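If you want the building blocks of each chain, they are given just below.
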Amino acid sequence: MLLACARDAERALQPEFSGDSFDHAVFLASYHLESGREGAGVMFGPGAEVARRTVLTADDVAHRLSAVQLAEVTAGSLRSALAMAVDSAQYWQDPDGEDLLADAEPVLRELRRVAEHIAESPHARWWVTSLAATDQWEVSWSASGTDVADARAADALRDYADRTEEEEARAERERPADPTVNWSGWWWSTPPTRSSTRLLSDGTPAGLWFVEDSMGWERAVVRRVSVPADARVYEVDGAQAWAELCRRFPVDVTAQKRHDWYRTTGRSGRWVIPDWPRIAERYDGVHLTAVGYLAAAGSAIAVDADTASVIAGWAPDETYWLTDAVDVDVDASRSWVRDATGRLPSWTEESR
């Protein structure tokens, strides 16, 4: 996300292409970091051969980043950078070139300046707020513009628990124990129940923008979710809060997650996720703050000495509802349409 913010700031001041730009340095360095791997990008056309021979190091990228003049943070620019980062989450494969570049120590040092710049902006304050202070909206993806209500939470959780147990037994029997083997499965760690997010400052639901590895949906149905004042919501504001949830309510999913989560984190060992049916006995929902997402999603979160977990498939500010305590207005839906023709996509409410 910080790379995206810095690149956007540079483009705003220098829209024309420059071989000496930070933006171009990120492109070249990322290309070479992942070159030769399965699924890596390929350069072709005029100038491709020169670009392939131009190798820039993390130090080179950090040097160019140090010269980038950071523009004033706007709600739109911050939303776009966060949306791009969320969309790039792919937990069934190795980190890509930009992931590796952003994790290099010289670049990390310079990105701190970008992080401090963003942290001072009032447009980032909603990242740390709890669910209690917000209106909530459910986003359902639909090609036709219509959708149906979900099943009862208790039924969905019961079916989910049975399927998770069966899948773990099947994976234990059929999948190799070597985490490096090219095998994939269900990599998410989300409950099977409905979820909701707040409205952003422009009136769009956050759930329209922030979707991990999105499928390019162009239509969505949105409904208001009424949350009772006494709703019991567990707040995940970082890795420790998620680890505590896994310690108190663990479900072993090592056999079914080990291959995907090894590729994305590099960790080999025992894996758990939260036991959502048991958690539903204590909490009506679980809310992941935006800052909690940025701090912890996609990484190996230590639960104890030999066990870890991953926040995967979630979105910033998303709340999953584990009971039917909330009320969803299914009769007053609003349809939104995505326009991707500009430099950045936009969402517009469809007129009735």
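Heads up: these notes are all about the structure in this document. (Residues numbered from 1 in each chain as written. Predicted model: local features only at pLDDT ≥ 70, side-chain atom pairs only at ≥ 80, totals over all residues. Heavy atoms only, no water.)

1. Structural notes on helix 7 (residues 105–119)
Stage number 1. For helix 7, spanning 15 residues, the distance from its first C-alpha to its last is 21 Å, which sits close to the expected 21 Å at 1.5 Å a residue.
Stage number 2. Taken as a whole, helix 7 carries its principal kink of about 25° at Leu111.
Stage number 3. For helix 7, the set of buried residues is Pro106, Val107, Leu111, Val114 and Ile118.
Stage number 4. In the core, the buried residues of helix 7 are packed alongside helix 1 (2–13), helix 4 (58–66), helix 5 (75–87) and helix 6 (97–102). (Helix = DSSP H or I, 4+ residues; strand = E, 2+ residues; numbered from the N terminus. Expected span 1.5 Å × (residues − 1). Bend = angle between axes of the 7 residues up to and from the residue. Buried < 20%, exposed > 50% of the residue type's maximum accessible area, 1.4 Å probe, protein only. Contact = heavy atoms within 4.5 Å.)

2. Looking at the sheet that holds strand 8 (residues 301–304)
By way of backbone hydrogen bonds, the strands of a sheet pair with one another, either parallel or antiparallel.
Stage number 1. Taken in spatial order, the 4 strands line up as 5-6-9-8 in an open sheet, and their pairing is mixed. The open sheet has two free edges, formed respectively by strand 5 (250–252) and strand 8, since each of these has just one partner strand. Between one strand axis and the next, the sheet turns by 45° as a mean value, whatever way the strands run.
Stage number 2. Where strand 8 lies against strand 9 (residues 307–309), 3 bridges are found, and the strand directions are antiparallel. Bridging across to strand 9, Ile301 finds its partner in Ser309. (Pairing = 2+ DSSP bridges. Axes fitted to C-alpha atoms, helices over the stretch in contact; angles between N-to-C directions.)

3. Remarks on a negative patch on the surface
Stage number 1. A cluster of like negative charges, contributed by Asp159, Asp162, Glu165 and Glu166, occupies part of the molecular surface.
Stage number 2. Tracing the sequence through the fold places Glu166 in helix 8 (residues 153–174).
Stage number 3. Accessibility expressed as a relative area gives 47% for Glu166, which makes it partly exposed. (Patch = residues over 30% accessible without salt bridge, like charges linked within 9 Å, V, L, I, M, F, W, Y side chains within 5 Å. Areas by Shrake-Rupley, 256 points an atom, 1.4 Å probe, with all protein chains shown as cover. Salt bridge = Lys/Arg side-chain N within 4 Å of Asp/Glu carboxyl O. Lys, Arg positive; Asp, Glu negative; His and termini not counted. Charge placed at Lys NZ, Arg CZ, Asp CG, Glu CD.)

4. Brief notes about the packing of helix 4 against helix 7
Stage number 1. Two elements in contact, helix 4 and helix 7, have axes separated by 8 Å at closest approach and are oriented at 20°. It follows from the interaxial angle that helix 4 and helix 7 lie roughly parallel. As helix 4 runs across helix 7, the sense of the crossing is left-handed. Side by side, helix 4 and helix 7 meet where Ala58, Asp59, Val61, Ala62, Leu65 and Ser66 of the first sit next to Pro106, Val107, Glu110, Leu111, Arg113 and Val114 of the second. (Parallel < 35°, antiparallel > 145°, perpendicular 65-115°, else oblique. Left-handed = near helix turned anticlockwise from the far one by under 90°.)

5. Section: the environment of Trp127
Stage number 1. Among the secondary structure elements, Trp127 is positioned in the loop between helix 7 and strand 1 (136–141).
Stage number 2. For Trp127, a relative accessible area of 9% translates into the label buried.
Stage number 3. Apart from residues no more than four positions distant in its own chain, Trp127 is found in contact with Met1, Leu78, Leu82, Ile118, Thr289, Ala290, Val291 and Leu294.

6. Points about the sheet that holds strand 10 (residues 319–321)
Stage number 1. Taking strand neighbours across the sheet as the criterion, the 4 strands line up as 2-10-7-4 in an open arrangement whose pairing is mixed. Pairing within the sheet leaves two strands with one partner each, and these edge strands are strand 2 (195–196) and strand 4 (233–236).
Stage number 2. Sheet analysis places strand 4 next to strand 7 (residues 285–288), joined by 4 bridges and oriented parallel. When the sheet's bridge partners are listed, Val236 is paired in strand 7 with Leu288.
Stage number 3. Taken strand by strand, helix 10 (residues 239–248) contacts strand 4 and strand 7, and its axis lies near 130° from that of strand 4.

7. Notes on the environment of Leu100
Stage number 1. In this structure, Leu100 sits in helix 6.
Stage number 2. C-alpha of Leu100 to C-alpha of Ala58: the two residues are 42 residues apart in sequence and 9.6 Å apart in space.

8. Concerning the pattern of salt bridges
Stage number 1. Counted according to the given criterion, the structure contains 18 salt bridges.
Stage number 2. Ionic pairing is found between Asp202 and Arg79, a salt bridge with its closest N-O pair at 2.7 Å. Placement of Asp202 in the loop between strand 2 and helix 9 (206–209) and of Arg79 in helix 5 is noted, with a sequence separation of 123 residues between them.
Stage number 3. Relative accessible area serves as the criterion here: at 43%, Asp202 is assigned to the partly exposed category.
Stage number 4. Residues joined in a network through salt bridges with shared partners are Arg7, Arg11, Asp23 and Glu98.

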